[in-house]
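Here's the letter readout for the chains.
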Amino acid sequence: MRPRLALCSLTLVALAATGCSGNTQEPIPRVTQPTDLPSQPTPTEQPEQTEGDGGGRNGPPRAEGTLVDLLEVPWGVDFLPDGAAVVTERMTGRVLRVTSDGDLGRLGAIGAVVPQGEAGLLGVAVSPDFEQDRALFFYLTTGTDNRVVRAELDGSSLATPTVVLDGIPAGFIHDGGRIAFGPDGHLYVTTGETGDPALAQDPESLAGKILRITPDGEPAPGNPDPDSPVYSLGHRNVQGLAWDDEGRLWASEFGDSTWDELNLVEKGGNYGWPEVEGKGDDERFVDPQVVWPVEDASPSGLAYADGHLWMAGLRGQRLWRIAVSARGRASAPTAFFTEDYGRLRTVVTAPDGLLWLTTSNQDGRGEPTPADDRIILVRP
């Protein structure tokens, strides 16, 4: 199926600094429940930390403190060439600019966002040619679909967005939403199966997939089907993407009731949902490299730094560090900051090598403190 492209524009509205009034948050169903677990590899426990250890490749990461607080469900984070970050808020639709010194400003808000359940304003990606085109890309939920839009940054404010790719199925749950430019210059987009598992195996549906498109929304050259944006399928709800030093693509994915997954993404790979959850040893499907019991992870953001993947856990309320070998094998997952900051949504590597870690305690499932939600600096 060829994606439906639109040239229409979305309304950009200026919202009050306190967020959108009138957005009432609906309860989110608890669709991930622990069960008796079959025998599969399980992650390691957090090693004992030595006070004063500054972190590093083999030592524990160190929290450097809160960069900004009092945010409302921050979801997407990506960096501008000047080192400042563009941050999205899922519920309010606001687009923020945050500097490495903690200065916070508002660039605008996307007026077409319909926040409900797990949907809203989700991922953001800065154009690799930003200094020439000033383009930012966003993944959001409207009243009819999920879509990717583009908006130029005009000085310190967003111009009116235009649609790049629409028609991605939307649901109350499992909307995917992570977008990122790969080393090849193409835009990778994660989608969820919206609570309808069969969509993940349907090659004609954009749901339950990782998509690969050009900045104009066309299927990227080299896709498995040249007329389709689908790069891989059989996904339940991917919310983390990261490339390692060798240019390999990794994805973190929500399981259902047993196993969350870390996958090495192959072109045209089928990752098995709903036929398989976790490692199924079925030749039709690609097995995950690492799995976690769902109560230990519920993974969202994924980053690569210092020879490791770093994965943020929502229900698990911890940051996972996973070693990656030169041959592309993931191993030795180790947990840090367990329950220190509550639900952790996004982790990204900043230009200075620090990790930016966002909390998600205002999302209807957490227990927010007066400071939530926050961006925390971590030295890996």
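Above this text sits the structure in question.
Student: Please explain empty space enclosed by the protein as it appears in this structure.
Tutor: To find leftover empty space, one rolls a probe the size of a water molecule over the atoms. Scanning the entire structure with this criterion turns up two cavities of 30 Å³ or more. Taken together, 13 residues line the largest cavity, and the ones lying closest to its centre are Glu118, Arg343, Arg345, Asp363 and Arg365. For the lining of the largest cavity, the class distribution of residues is four nonpolar, three polar and six charged. Each pocket or cavity is described by its volume, and for the second largest cavity that value is around 40 Å³. What lines the second largest cavity is simply Arg236, Glu253, Phe254, Gly255, Glu261, Trp273, Val276 and Glu277. Partitioning the lining of the second largest cavity into residue classes produces three nonpolar, one polar and four charged.

Student: Would you explain the layout of surface pockets in this entry?
Tutor: By volume, the largest pocket amounts to about 660 Å³. Around the largest pocket, the lining comprises 25 residues; the ones closest to its centre are Asp78, Ala180, Phe181, Leu241 and Trp243. Among the elements of the structure, strand E2 (74-79), strand E6 (121-126), strand E11 (179-181), strand E15 (238-243), strand E19 (299-305) and strand E23 (344-349) are those that each provide at least two residues to the lining of the largest pocket. Broken down by class, the residue content of the lining of the largest pocket amounts to 17 nonpolar, six polar and two charged.

Student: How should I be thinking about the packing of aromatic side chains in this particular structure?
Tutor: Describing an aromatic ring pair means giving the distance of the ring centres and the angle of the ring planes. On inspection of all chains with the given rule, the structure shows six aromatic pairs. Each ring, one from Tyr188 and one from Tyr231, has its centre 5.7 Å from the other, and the planes form 85°; the classification is edge-to-face. With Tyr188 in strand E12 (residues 187-190) and Tyr231 in strand E14 (residues 230-233), the pair connects residues that are 43 residues apart, well separated along the chain. Judged by relative accessible area, Tyr231 falls into the buried class, the value being 13%. A centroid spacing of 5.8 Å and a plane angle of 55° characterise the contact between Trp292 and Trp320, whose relative ring orientation is tilted. Here Trp320 lies in strand E21 (residues 319-324) and Trp292 lies in strand E18 (residues 290-293), a separation of 28 residues in the sequence. Trp320 shares its class with Trp292; the two are buried. Pairwise contacts between aromatic rings join Tyr188, Tyr231 and Trp243 into one cluster. Between the NZ or CZ atom of Arg236 and the centre of the ring of Trp273, over which it lies, the distance is 5.3 Å.

Student: Would you mind going over the side chain of Asp244 with me for this structure?
Tutor: Along the chain, the position of Asp244 falls in the loop between E15 and strand E16 (249-253). The exposure class of Asp244 is buried, given its relative accessible area of 7%. Side-chain polar atoms of Asp244 contact the side chain of Trp250, separated by 3.0 Å. When sequence neighbours within four positions are dropped, the list of residues in contact with Asp244 reads Trp250, Tyr304 and Val324.

Student: For this particular structure, what's the right way to read the sheet that holds strand E17 (residues 259-264)?
Tutor: The strands making up a sheet are joined through hydrogen bonds of the backbone, oriented either antiparallel or parallel. Read across the sheet, four strands follow the order E15-E16-E17-E18 without closing on themselves; strand pairing throughout is antiparallel. A strand with exactly one partner marks an edge of an open sheet, and here the two such strands are E15 and E18. Strand-to-strand twist across the sheet, computed as the mean angle between neighbouring axes with direction ignored, equals 15°. Taken together, the five bridges between E15 and E16 define a ladder with antiparallel strand orientation.

Student: How do you make sense of the nonpolar core when you look at a structure like this?
Tutor: One recurring pattern in soluble globular proteins: nonpolar side chains tend to sit buried together. Counting residues in hydrophobic clusters, the biggest one holds 19 residues, and the most contacted among them are Val86, Val95, Leu136, Phe138 and Leu158. Setting aside residues up to four positions removed in sequence, Leu136 forms contacts with Leu80, Val86, Ala125, Val126, Phe130, Val149, Arg150, Ala151, Leu153 and Leu158. In this structure, Ile168, Ile179, Val189 and Ile213 belong to the second largest nonpolar core, which totals 18 residues.

Student: Please explain the pairing of E16 as it appears in this structure.
Tutor: Both faces of the sheet carry side chains from a regular strand, because those side chains alternate between them. For E16, the tally of buried residues reaches five of five residues, placing the bulk of the element in the interior. Taking every second residue as pointing to the same face, both faces of E16 are buried, with Leu249, Ala251 and Glu253 on one and Trp250 and Ser252 on the other. Between the end of E15 and the start of E16, which pair antiparallel, lie five residues, with Gly247 showing a positive phi angle near 80°. With four bridges connecting them, E16 and E17 associate as antiparallel partners. The partner of Ser252 across the bridge, within E17, is Leu262. Between E16 and E17, which follow one another and run antiparallel, lie five residues.

What counts as what
Residues numbered from 1 in each chain as written. Predicted model: local features only at pLDDT ≥ 70, side-chain atom pairs only at ≥ 80, totals over all residues. Heavy atoms only, no water. 1 Å grid on protein atoms, 1.4 Å probe; cavity = no way out; pocket = protein on both sides within 12 Å on 5 of 7 lines; lining within 4 Å. Points joined across faces, edges and corners; volume = space filled by probe spheres on them. Nonpolar A, V, L, I, M, F, W, Y, C, P; charged D, E, K, R; others polar. Helix = DSSP H or I, 4+ residues; strand = E, 2+ residues; numbered from the N terminus. Phe/Tyr/Trp six-rings, centres within 6.5 Å; stacked < 30°, edge-to-face > 60°. Buried < 20%, exposed > 50% of the residue type's maximum accessible area, 1.4 Å probe, protein only. Lys NZ or Arg CZ within 6 Å of the ring centre and 35° of its normal. Polar contact = N/O pair within 3.5 Å; in protein donor to acceptor, adjacent residues only side chain to side chain. Contact = heavy atoms within 4.5 Å. Pairing = 2+ DSSP bridges. Axes fitted to C-alpha atoms, helices over the stretch in contact; angles between N-to-C directions. Core = buried A, V, L, I, M, F, W, Y, C linked by side-chain atoms within 4.5 Å.

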